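# Fold and geometry: a report
What follows is each chain in one-letter form.
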Amino acid sequence: MRKVMLALCLILLSSTVFTYGSAGVRAAESSKITLSGNVSNVRVGDTFQLQIHGEQFEDLFAVEVVLAYDAQALRVEEVKAGAGYDAYDAYQIDATKGELYLPLVRKQLQPNPQATVHLADVTFRALQDKGVEVELQRVKAVGSAWATNEQGYKDMKRLTSEVGDAIAVQIEKQDSKAPDYSGGSGQAGSSSQPVVSGPTMIDGAKDVLKEKDPTKAAEKLQALLSGLKEEPTAAEKQALLQAAEATVTGLSQMPVSKEGTGADAVYVISAADLSQYDSLLQSIIAALHKWKLDSPQIAQAQLQAVMEYTLAGRDVNKLGVYHYDETTGIWEYVRGAMHQTDAAKFVISVKQAGKYRIQEYSKPYKDIAGIYAEAKYAVDVLTARHIVNGTSDILFSPSKQVTRAEFSSMIVRALNLDLLDAVNPAEATYSDVGAEAWYAEDIAVLRKLGIINGFSDGTFRPNDAVTREQMVVIAMNALRNLELTADNSVASTETFADAGAISGWAKDSVNKAREMKLVSGIGQNRFMPKQPTNRADTAVFIWKMLQQLN
């Protein structure tokens, strides 16, 4: 019922023609949305609370407000609806822009006219000593009565609302007296954060290291960094960097709740946790970079979640992580999840809140029953991992030749090469690879990473069949790029009977692949380098490669 009510109110809010309120603009009616709160004696590290009220509304059924604030100086800590309203956990915090989107719906349908209604409380934490403002940037409101809108459709009654003044907050730096590292979220005016000078800075860094709660450790570190006014000493930098690396590591691990057991277990990551952890992580990384307190461990930090599972009779090689799409009602495969089979867990990079499952996927193709057992299993596993697809819903076409474009996409998906640098998208520059082609992005990724070069005439020839030597070279280049070709194989003195037919540019890759037991001869110890590869054999090759990486 809560979800139904929320969906209904959001539809009504989005479809109604509203009067937008803004500071300095006054409507004809006296009804208004206002901000209030005690913001005296606010210091860096303190929290303070602002209240959102509705004044002089006879029938305020739903309201949507957007609060704007200085994201460098303030962070939203908590959002709580007033007694008569509910936010249904639908609020959204944009910690980069400094905006809080908050929809609120009255719990009871019947109007209850009041001079003032308490809509919500928003708790902020002060991060920098400066003067800032919190303002109601946008306001939309509707009553519970129905009316006919300007387009002639039945709609909820729109309400005209004024907007109250912004709240000015003067944030002061901490006193120079001995700090209290309690880490509590006391009211404005408390003095709970470290002073950042001399031995106190190092003591503060040590205190951060002692903190077991990752969010409290992050807040303490953030307060230390926010209070820096001059270049720290070498000893202070070392202490801060040590504290920062430990804090970032702890903060990178997202809390995960588990519902159910066995194969039916569902893992939940809350939107509030994701917003809080991401905001803290990004602000700390930015503050560290300002003072050149960088390290690879910090620069590469990202939010992760660990999901442990029980096998429950499933094939461990066919398991994957799936995220539930609330809009479509479909469980979507999560690419890039790191499967630690020995520990029976997956580690994922968290991009979305919501529900996750670890499940086995299968797609019974009708035309693979007769192929050799190794190929059949390889097709099943790569299908479960969404690396290969059928040629239709029921056919895999195991004997069909693989094109250069198809193999490029398989390698990219198998090794998640497109996830290595999502910030700087690659571009395909071959004359015969159109930007709209389904394989264009995958080929561009391989070119960007130096895994493929194409032909001397500037073409890639995506629709040509990939030869066995081309397949091996592309795969081995990809493994070398990822530094995954550590010498865990035994050099072989054996050569293929047709080694002389292998192109010079392919010999080293073919030899290394043979040492790794990724390829073997095709009858009479022949490699057949110029022969096109088919879909069944290609699946076996990729599966052998993935087994080497486990």
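Shown above is the structure to which this text applies.
One structure accompanies this document, and this report is about it. (Residues numbered from 1 in each chain as written. Predicted model: local features only at pLDDT ≥ 70, side-chain atom pairs only at ≥ 80, totals over all residues. Heavy atoms only, no water.)

Take the overall build of the chain next. Scanning the chain for helices and strands turns up twelve helices and 21 strands. Residues counted as buried form 45% of the 550 residues belonging to the chain. Nonlocal contacts in the chain, meaning residues at least 24 apart in sequence, comprise 75% of its contacts between residues at least 6 apart. Accessible surface, the chain: about 27,000 Å² in total, of which carbon and sulfur atoms supply 49%. (Helix = DSSP H or I, 4+ residues; strand = E, 2+ residues; numbered from the N terminus. Buried < 20%, exposed > 50% of the residue type's maximum accessible area, 1.4 Å probe, protein only. Contact = heavy atoms within 4.5 Å. Areas by Shrake-Rupley, 256 points an atom, 1.4 Å probe, with all protein chains shown as cover.)

So, on to the sheet that holds strand β14 (residues 257–259). Ordered by their spatial adjacency, five strands build an open sheet running β14-β15-β21-β17-β18, and the pairing between neighbours is antiparallel. Each having just a single partner strand, β14 and β18 (330–333) make up the two edges of the open sheet. Within the sheet, the average angular offset between the axes of one strand and its neighbour, ignoring direction, is 35 degrees. Summarising the sheet, strand β15 (residues 266–269) and strand β21 (residues 354–360) pair through three bridges and their orientation is antiparallel. By the bridge assignment, Ile-269 is partnered in β21 with Gly-354. (Pairing = 2+ DSSP bridges. Axes fitted to C-alpha atoms, helices over the stretch in contact; angles between N-to-C directions.)

Helix length check: helix α8 (residues 404–415) (twelve residues) gives 17 Å between terminal C-alpha atoms against 16 Å at 1.5 Å per residue, within 8%. Extensive coverage of α8 is indicated by the burial of eleven of its twelve residues. Among the residues of α8, Arg-404, Ala-405, Glu-406, Phe-407, Ser-408, Ser-409, Met-410, Ile-411, Val-412, Ala-414 and Leu-415 are the ones counted as buried. Looking at the packing, one finds that the buried side of α8 touches α9 (440–448), α10 (468–481) and α12 (535–549). Just past α8, the residue Asn-416 takes up positive phi, approximately 55 degrees. (Expected span 1.5 Å × (residues − 1).)

Another aspect to go through is the sheet that holds strand β16 (residues 304–308). Pairing is antiparallel across the open sheet formed by three strands, whose spatial order is β16-β20-β19. Bordering the open sheet on either side are β16 and β19 (338–340), each of which pairs with just one other strand. For this sheet, the mean inter-axis angle between neighbouring strands, taken without regard to orientation, is 20 degrees. Examined bridge by bridge, β19 and strand β20 (residues 345–349) share three bridges and lie antiparallel to one another. Within β20, the position partnered with Met-338 by the bridge is Val-347.

Further remarks concern the packing of helix α3 (residues 214–226) against helix α5 (residues 271–290). Where α3 meets α5, the closest approach of the two axes is 10 Å, and the angle between their N-to-C directions is 30 degrees. Looking at the two axes, α3 sits roughly parallel to α5. The handedness of the crossing between α3 and α5 comes out as left-handed. Taking contact as the criterion, the partners of Pro-214, Thr-215, Ala-218, Glu-219, Leu-221, Gln-222 and Leu-225 in α3 are, on α5, Gln-276, Tyr-277, Leu-280, Ser-283, Ile-284, Ala-287 and Leu-288. Split into classes, the residues belonging to the contact of α3 with α5 amount to nine nonpolar, four polar and one charged. (Parallel < 35°, antiparallel > 145°, perpendicular 65-115°, else oblique. Left-handed = near helix turned anticlockwise from the far one by under 90°. Nonpolar A, V, L, I, M, F, W, Y, C, P; charged D, E, K, R; others polar.)

Counting across every chain of the model gives ten aromatic pairs. Residues Tyr-69 and Phe-124 carry aromatic rings whose centres are separated by 5.4 Å and whose planes lie at 65 degrees to one another, so their mutual orientation is edge-to-face. Here Phe-124 lies in strand β9 (residues 114–126) and Tyr-69 lies in the loop between β4 (62–68) and β5 (74–81), a separation of 55 residues in the sequence. For Phe-124, a relative accessible area of 0% puts it in the buried group. Positioned above the aromatic ring of Trp-331, the side-chain terminus of Arg-357 is 5.2 Å from the ring centre. If you follow Arg-514 out to its NZ or CZ, it ends over the ring of Phe-496, 4.2 Å from the centre. (Phe/Tyr/Trp six-rings, centres within 6.5 Å; stacked < 30°, edge-to-face > 60°. Lys NZ or Arg CZ within 6 Å of the ring centre and 35° of its normal.)

With respect to the element layout, Gly-523 can be found in the loop between α11 (507–515) and α12. Among the residues examined, Gly-523 registers a relative accessible area of 43% and is labelled partly exposed.

What the rule picks out here adds up to 18 salt bridges. In this structure, the salt-bridge partner of Lys-220 is Glu-211, at a minimum N-O distance of 3.2 Å. According to the relative accessible area criterion, Lys-220 is buried, its value standing at 5%. In this structure, Asp-418 and Arg-335 form a salt bridge, with 2.8 Å as the shortest nitrogen-oxygen distance. Of this pair, Asp-418 sits in the loop between α8 and α9 while Arg-335 sits in the loop between β18 and β19, and the two are 83 residues apart along the sequence. By relative accessible area, which is 26% here, Asp-418 ends up partly exposed. The exposure class of Arg-335 is partly exposed, given its relative accessible area of 28%. (Salt bridge = Lys/Arg side-chain N within 4 Å of Asp/Glu carboxyl O.)

A few words on the nonpolar core. One finds Phe-407, Ile-411 and Met-545 to be the most contacted residues of the largest nonpolar core, which totals 56 residues. Excluding residues that lie within four positions of it along the chain, Ile-411 makes contacts with Leu-417, Leu-446, Ile-474, Ala-475, Ala-478 and Met-545. With 42 residues, the next largest nonpolar core counts Leu-240, Ala-301, Met-307 and Phe-346 among its residues. (Core = buried A, V, L, I, M, F, W, Y, C linked by side-chain atoms within 4.5 Å.)

Let us now look at the pairing of β21. Looking along a regular strand, one sees side chains alternate from face to face of the sheet. Bridge count for strand β17 (residues 319–325) against β21 is five bridges, and the pairing is antiparallel. When the sheet's bridge partners are listed, Leu-319 is paired in β21 with Glu-360.

With respect to the helices and strands, the residue Arg-314 is situated in the loop between β16 and β17. At 5.8 Å, Glu-360 is the nearest oppositely charged side chain to Arg-314, a buried residue that forms no salt bridge. (Lys, Arg positive; Asp, Glu negative; His and termini not counted.)

A few words on the packing of α8 against α12. Between α8 and α12, whose axes approach to 11 Å, the crossing angle comes to 25 degrees. One element, α8, and the other, α12, form an angle in the roughly parallel class. Between α8 and α12 lies a crossing of right-handed hand. Between α8, through Phe-407, Met-410, Ile-411, Ala-414 and Leu-415, and α12, the contact on the second element is made entirely by Arg-535, Thr-538, Phe-541, Ile-542, Met-545, Leu-546 and Leu-549. When its residues are assigned to classes, the contact of α8 with α12 shows ten nonpolar, one polar and one charged.

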